[in-house]
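Listed here are the chains, written in short residue letters.
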Amino acid sequence: MNRQYTIATLGSHSALQILKGAHDEGFRTLVIANAETERLYRSFEFIDEMIVVKRYSEFMGLIDELQSRKVIIVPHGSFVAYLSLEEHKKMSIPYFGNKAVLDWEASRELQRDWLLQAGLTLPRQFKTGAEIDRPVIVKLYGAAGGKGYMFIRDSQDFERRAAHLKEQYMIQEYIIGVPLYIHYFHSPITGKLEIMSMDRRYETNVDSLGRIPAAAQEGMDVSPSYVVVGNSSVSLRESMLAEAFRMGEDVVKVSKEICGPKGLFGAFCIETIITPDMQFFVMEISARIVAGTNLFINGSPYSYLNYDEPMSTGRRIAREIRTALLTNNLRHVLDDTSILT
Ligand code: AMP
Ligand code: AMP
């Protein structure tokens, strides 16, 4: 019966993982590609169908066509990068996830509220440069893809380098520790939370600044950027796993209070930095599959604890949709704007 349904996504980010998972769970698969990515996606046998557009932002023009078929969209990071919030909400194709979460995720203030309500520890924020009493990172509001951040040592440094900034920005305590991105899956059908996997990012140029000796860096005009180009895998000290699990559960619990009864479900990721006292500082939450899960297309050490077969996050999403179909619960795993044909 799954072959009646097609799982579709944009050709980028974690599309290969999502579509391989959908194929393994018995769905038809469709990728929306562009001229640059067409040949790549065509080379995979688990992709049944392809629609080629000029730019991914043209996706909205396909809605009517997709709407007329049994297509379920599984969104990933490129949807957020290429489509606006309004476009997301306008889309009435069956959509895996809860769009009400998007508003809480998109606004830095609302997101902070949500995470604080869930009892997570966040970096301190400073309202003015004069308040700065420790190293900080200044984030421009429009900054995307990890560019446009500034490190500032103290309030004099701020006066000299950042006080003149015209754009809106946020001043945040700089947390010195190791970054860890924790990938979760929350099942709206069973109510259970799973830790699927974890990663750390490989970012340029920040990950290579340490290769230049500090003495040689002095006087050089280099600013760190955090442009992600890949990910590497990591497992967490087991005594810290309970807190990682607790954070995921409480984020889901609060989401049910603030974004409607369905709350946050499906895949999500909490981005943390862990300090030497083993404290998780939370940078951000992503309310969908993150690309760090691509490391685990064949399953992760954590997913192996729950499944005796390779279970990527992409496949886990398809498994949830399949279970929902088999138990007549499809609406439970789709946003309420979804129109079923
Ligand atoms: P792309 O379609 O590759 O331009 O990516 C869309 C969004 O996902 C961008 O905001 C990227 O920064 C983010 N992204 C893409 N690949 C990764 C990755 N491997 N790890 C973390 N974030 C990523
Ligand atoms: P973001 O754009 O918030 O995902 O952050 C991009 C990168 O900057 C990530 O690798 C984070 O680890 C790092 N980062 C963001 N905020 C902070 C902070 N307050 N302290 C230290 N590193 C940070």
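Everything quoted here is computed from the prediction, not taken from an experiment.

Undergrad: Give a detailed account of the environment of Gly 219, specifying residues and quantitative values.
TA: The residue Gly 219 is located in the loop between α10 (214-217) and β11 (226-233) in this model. Note: C-alpha distance between Gly 219 and Ala 318 (99 residues apart in sequence) is 52 Å.

Undergrad: Which residues make up the nonpolar core, and what values go with them?
TA: Ranked by internal contacts, the top residues of the largest apolar core, which has 32 residues, are Leu 236 and Val 251. If you list the elements that add at least two residues to this core, you get α6 (100-106), α7 (108-117), β9 (178-186), β10 (193-205), α11 (241-258), β12 (266-274) and β13 (280-286). With seven residues, the single largest contributor to this core is α11. Grouped together as the second largest cluster of nonpolar side chains are 31 residues, Ala 15, Val 31, Val 74 and Phe 185 included.

Undergrad: Pulling in residues and values, what's your account of the site of ligand 1?
TA: Neighbouring residues of ligand 1: Ser 12, His 13, Gly 77, Ser 78, Tyr 82, Arg 201, Val 228, Asn 231 and Ala 291. Interatomic distance of 2.6 Å between a side-chain N/O atom of Ser 78 and an oxygen atom of ligand 1. Taken by itself ligand 1 offers 480 Å² of open surface, and the protein chains cover 66% of this. Classifying every residue of the shell around ligand 1 gives three nonpolar, five polar and one charged.

Undergrad: I'd like a rundown of the sheet that holds strand β6 (residues 136-140), residues and numbers included.
TA: Across the sheet, which stays open at both edges, the four strands sit in the order β5-β8-β6-β7 with antiparallel pairing between neighbours. This sheet does not close on itself; its edge strands, each paired only once, are β5 (125-126) and β7 (149-152).

Undergrad: Provide a residue-level description of the site of ligand 2, including the pertinent values.
TA: Surveying the vicinity of ligand 2 reveals 15 residues, the closest of which are Tyr 149, Gln 172, Glu 173, Ile 175 and Glu 203. Between Glu 173 and ligand 2, the recorded distance is 2.9 Å, taken from a backbone N or O atom to a nitrogen atom. Between ligand 2 and Glu 271 there is a distance of 3.3 Å, counted from an oxygen atom to a side-chain nitrogen or oxygen. Isolated, ligand 2 exposes 480 Å² of accessible area, and the fraction of that covered by the protein chains is 94%. Going through the elements one at a time, β6, β8 (169-173), β12 and β13 are the ones with two or more residues in the shell around ligand 2. Class assignment of the residues belonging to the shell around ligand 2 gives a composition of nine nonpolar, one polar and five charged.

Scoring rules and cut-offs
Residues numbered from 1 in each chain as written. Chains lettered and ligands numbered in written order. Predicted model: local features only at pLDDT ≥ 70, side-chain atom pairs only at ≥ 80, totals over all residues. Heavy atoms only, no water. Helix = DSSP H or I, 4+ residues; strand = E, 2+ residues; numbered from the N terminus. Core = buried A, V, L, I, M, F, W, Y, C linked by side-chain atoms within 4.5 Å. Buried < 20%, exposed > 50% of the residue type's maximum accessible area, 1.4 Å probe, protein only. Near = heavy atom within 4 Å. Polar contact = N/O pair within 3.5 Å; in protein donor to acceptor, adjacent residues only side chain to side chain. Areas by Shrake-Rupley, 256 points an atom, 1.4 Å probe, with all protein chains shown as cover. Nonpolar A, V, L, I, M, F, W, Y, C, P; charged D, E, K, R; others polar. Pairing = 2+ DSSP bridges.

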